[in-house]
Amino acid sequence: DPSTGGTLPYMAPERFSEEPRDISADVYALGMSAFELALGVLPFEEQTYESLVGAILSGKASARLERITAQLPESWRLLITSCCAFDRASRPQSYRHVLQLVEALEA
């Protein structure tokens, strides 16, 4: 739904529901940005709007992240998989925690 706002591949699953907004959607978007920065692509195979939304809502994207990020250094893998967890409660709950993950990145 375009009225939810945002760039589709970076949108957290909860952005498609009536759940209240908090930092978890921003954390998810940061994780997707880190994934793209580290690997040069996004973790989606889907090409249409409907299939991409379906992948986000089903958790397929998070499962692919786990598989694809195995090739990255541990610090990058931890940042990406933590921030892009399907369950918003599993993501870092504060910007301070996100900053710690970013500061731990291996060059």
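Look up a bit, the structure's there.
> So what exactly am I meant to see when it comes to helix H3 (residues 60-68) here?
Along an α-helix, residues three or four positions apart point the same way, because every turn accommodates 3.6 residues. Considered for burial, the residues of H3 that qualify are Ala-61, Ser-62, Arg-64 and Leu-65. Projected down its long axis, H3 shows its buried positions confined to an angular sector of 160°, all on one face.

> Help me understand the nonpolar core, please; the structure alone is not making it clear to me.
Considering soluble globular proteins, one finds that nonpolar side chains tend to be buried as a cluster. Grouped together as the largest cluster of nonpolar side chains are 25 residues, with contacts concentrated most on Tyr-28, Met-32, Phe-44 and Ile-80. If you list the elements that add at least two residues to this core, you get helix H1 (23-39), helix H2 (49-58), H3, helix H4 (74-83) and helix H5 (95-103). The element contributing the most residues to this core is H1, with 6 residues.

> Looking at this structure, how should I read the pattern of salt bridges?
It is possible for side chains of opposite charge to pair when their charged atoms get near one another. What the rule picks out here adds up to 4 salt bridges. A salt bridge links Arg-91 to Glu-14; the shortest N-O distance between them is 2.6 Å. Remark: Glu-14 occurs in the segment before H1 and Arg-91 occurs in the loop between H4 and H5; sequence separation between them is 77 residues. Across the pair, Glu-14 and Arg-91 agree in class, each one buried. Between Arg-88 and Asp-22 there is a salt bridge, and its shortest N-O distance comes to 2.8 Å. Of this pair, Arg-88 sits in the loop between H4 and H5 while Asp-22 sits in the segment before H1, placing them 66 residues apart in sequence. According to the relative accessible area criterion, Arg-88 is buried, its value standing at 16%. With a relative accessible area of 41%, Asp-22 lands in the partly exposed category.

> Where do I start with the packing of H1 against H3 in this structure?
Any two packed helices are characterised by the angle at which their axes cross and by the distance between the axes. Between H1 and H3, the least distance of the axes is 12 Å, while the angle of their chain directions is 40°. By the angle between their directions, the pair H1 and H3 is classed as oblique. Between H1 and H3 lies a crossing whose hand is left-handed. Here Tyr-28, Met-32, Phe-35 and Leu-39 of H1 come into contact with H3, specifically with Ala-61, Leu-65 and Ile-68. Residue composition of the contact of H1 with H3, grouped by class: 7 nonpolar, no polar and no charged.

Reading guide: rules and limits
Residues numbered from 1 in each chain as written. Predicted model: local features only at pLDDT ≥ 70, side-chain atom pairs only at ≥ 80, totals over all residues. Heavy atoms only, no water. Buried < 20%, exposed > 50% of the residue type's maximum accessible area, 1.4 Å probe, protein only. Helix = DSSP H or I, 4+ residues; strand = E, 2+ residues; numbered from the N terminus. Arc of directions from axis to C-beta. Core = buried A, V, L, I, M, F, W, Y, C linked by side-chain atoms within 4.5 Å. Salt bridge = Lys/Arg side-chain N within 4 Å of Asp/Glu carboxyl O. Axes fitted to C-alpha atoms, helices over the stretch in contact; angles between N-to-C directions. Parallel < 35°, antiparallel > 145°, perpendicular 65-115°, else oblique. Left-handed = near helix turned anticlockwise from the far one by under 90°. Contact = heavy atoms within 4.5 Å. Nonpolar A, V, L, I, M, F, W, Y, C, P; charged D, E, K, R; others polar.

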